[in-house]
Amino acid sequence: MQDTLPCYLIMLTYILSFLPLSDQKEASLVSRAWCCAAQNALREANVRYNIPVSSASLPTIKSLGLRGICCISLTNLDGSPASHQVLQSVAYHLGLYLQSLCLGGGSPTEASFVALILGCPALRFLDLSGCDSLFMSGMLLAQPKTAQWVQQALSGLRELNLASLQDLTDLSFNRLSSCVPSLERLALAYCHLTFEPDPARGSIGPQDSSPSQLSFHNLLQFVKEQAGRLHALGLSGTGLPPEALQALGQVAGLQLQELSLHSCRDLSTEAVAALCHQQPGLTSLDLRGCSELADGALLAVSRGLRRLWHLSLRKLQQLTDARCSALGGLRELQSLDMAECCLVRGRKLAQALGLVCGAPHPLASLSLAYCSSLKVSPQGARLIPAWPLTNQTVQAICTYLTHLSVPRLAWCKELRDRGLLGLGQPSEETLQGPQVRDPRGPFSLATGPAPLMLQTLRDLDLTACSKLTDASLTKVLQVPQLRRLSLSLLPALTDKGLLAAARGCPSVERLVLSHCSRLSDEGWAQAAGSRPRLQHLNLSRCSQLWPPCGTLGSTGQACKQLRMVGVAMCPGISMASIRRFQAQLPEVTCVQSRFMGGAELTLTL
């Protein structure tokens, strides 16, 4: 057959690679050839497979090995014989293919870890975050012969995550780092780094490798040795002082692209300014929670890091509007996080992003959550999120931030139907003059900016937008590519809006309808037929779902991919209906709720 030819599989793999993961899974059911092509597409996309460590996982590991899977994460790893058996199986069946291995939070023994690494010669990424059991004795890789073998196995490793290791010391770090000569990315977030300034010079002083602590001087020496290769460094939560940051930035030959300093609360504006001068090639900078930073730091970043793609300034409570306009110089910026910056009012930021005049900024992600001082100008037309968010600001978002894929509008209680539809505010003359009724409905003439215009929309959260009604939801929820939708706490949502959303958004995989008291069993039964891809459903506190088998019965018949359902606090859904539902979909396990006789259904792993 032609569909078994290699060229066909190559072309089919290429086509399937453009589909979301859920669609690839569906395509794999067409035929054996399509299944092979879908698996190839998943492998090329570096999809990570989470494998619970137990004897029951051994057949799965063997099956993944036959498919050449290259990215896995092992959970519940400990020093038991079962864990040792799983690690042996991973090395035997997957070792030659593995490029990414995550052991984060596990407790493997040193011997089983070394045996696993020796069986994985193609690793590019290794996550040992929280694996304190490997470093507790201080003897990991202490034998020169063992270290030599591990170095050969990890010669191609590019990224190493050692975050949250409380027992990591200079000695164990040096042994491990000497085995990864090609390292480009290193994470030491929340490790206990020690800083000892030289009293004579007020700078970081030299000291020998310590068997009991991890010193910044030792890390700095490693950075100097790897300066030509190292591109990304994660030092979040290490308490990095200003002089240490300056010493790091001035390392000869170091050209960092990514730097994470989240929760380094002692950093100063002067130190950040020096860093921007020393490392102008940074494309990603995380300064979340660096509470001593003020407007000067924002100005230094905006002027010194012109290539920046991702910038996080969350919870910098000394930031004001004064220097926000400088962000306009970051023309390549794609992601900006200024959540919890309570003094930022928004006007200068709107100017910087081109929302008042000029070309729109190519921003794809913007977070301004809990910025309680954000305001809308009296004109209101082109400013971005306000507090509270109104119709005009939603329309501005949809007009000027057209690359947004996840607009979270939850708890925007001033958002009304007109804002969601893209209609302007009605003028006084319109309100007082004769009314012209359009036979297609009161809002059918909408031509303004609305969420429907966001062509990349994937996730829409309208939780607690309590002034929205079916009038707008039936027209706006026509997004075939939408994957996640939350309509909880909408008191005016009825079966009409639910059915329109089901037909207009057939690709939804996660749906939240909790606390929607006007939804009925009849409405859900009709909507469920248009939800073949639904995997997660929350109907908690939908008090009108009374018949004992209607809701769950229709769900079980129509939504065969369902994995999790929440029906807590639904007084009309009985244990009998839950048992019938479980018989229809045995993958979903039923657990009786403790409140009001309701129930909650969760996935069994």
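The structure displayed is predicted, hence computed values, not measured ones. (Residues numbered from 1 in each chain as written. Predicted model: local features only at pLDDT ≥ 70, side-chain atom pairs only at ≥ 80, totals over all residues. Heavy atoms only, no water.)

Enquirer: Run through the overall build of the chain, naming residues and quoting values.
Expert: Looking only at helices and strands, the chain features 21 helices and 23 strands. Taking contacts inside the chain between residues at least 6 apart in sequence as the whole, the part at least 24 apart equals 74%. For the chain, the accessible area works out to roughly 27,700 Å², and carbon and sulfur atoms hold 54% of it. (Helix = DSSP H or I, 4+ residues; strand = E, 2+ residues; numbered from the N terminus. Contact = heavy atoms within 4.5 Å. Areas by Shrake-Rupley, 256 points an atom, 1.4 Å probe, with all protein chains shown as cover.)

Enquirer: Residue-level account of the nonpolar core, with values.
Expert: Ranked by internal contacts, the top residues of the largest apolar core, which has 105 residues, are Ile72, Leu162, Leu186, Leu219, Leu285, Leu311 and Met338. Take this core: its biggest share by element is 5 residues, from helix 9 (residues 216-225). With 45 residues, the next largest nonpolar core counts Leu513, Cys516, Leu534 and Val565 among its residues. (Core = buried A, V, L, I, M, F, W, Y, C linked by side-chain atoms within 4.5 Å. Buried < 20%, exposed > 50% of the residue type's maximum accessible area, 1.4 Å probe, protein only.)

Enquirer: A description of the environment of cysteine 342 should follow, citing residues and the corresponding values.
Expert: In this structure, cysteine 342 sits in the loop between strand 15 (335-337) and helix 13 (347-352). Each C-alpha atom of the pair cysteine 342 and leucine 316 lies 8.3 Å from the other, and the pair is 26 residues apart in sequence. Setting aside chain neighbours within four positions, we find cysteine 342 in contact with Gln317, Ser372 and Ser373.

Enquirer: Account for the pairing of strand 2 (residues 71-75), with residues named and values stated.
Expert: Within strand 2, 4 of the 5 residues are buried, which leaves it mostly tucked inside the rest of the structure. Summarising the sheet, strand 1 (residues 49-52) and strand 2 pair through 4 bridges and their orientation is parallel. Across the sheet, the residue bridging to proline 52 is threonine 75, located in strand 2. For the segment spanning strand 1, helix 4 (residues 58-66) and strand 2, crossover handedness is right-handed. Running through helix 5 (residues 81-93), the crossover from strand 2 to the neighbouring parallel element strand 3 (residues 100-102) is right-handed. (Pairing = 2+ DSSP bridges. Right-handed = clockwise from strand over helix to strand, strands pointing away.)

Enquirer: Outline helix 4, listing residues and values.
Expert: Within helix 4, the full set of buried residues consists of Leu58, Ile61, Leu64 and Gly65. One side of helix 4 carries all its buried residues, which in axial view fall inside an arc of 120°. Helix 4 presents Pro59 and Leu66 as exposed residues on the side facing more than 90 degrees away from its buried surface. The secondary structure elements touched by the buried residues of helix 4 are strand 1 and helix 5. (Arc of directions from axis to C-beta.)

Enquirer: Give a detailed account of helix 6 (residues 110-118), specifying residues and quantitative values.
Expert: Considered for burial, the residues of helix 6 that qualify are Ser112, Phe113, Val114, Leu116 and Ile117. Contact partners of the buried residues in helix 6: helix 5, strand 3, strand 4 (125-127) and helix 7 (144-153).

Enquirer: Outline unusual backbone geometry, supporting the account with residue identities and numerical values.
Expert: The phi torsion at asparagine 76 lies on the positive side, around 60°, for a residue other than glycine. With respect to the helices, strands and loops of the structure, asparagine 76 is situated in the loop between strand 2 and helix 5. Phi at serine 263 takes a positive value of approximately 65°, unusual for a residue other than glycine. Within the fold, serine 263 resides in the loop between strand 12 (258-260) and helix 11 (269-278).

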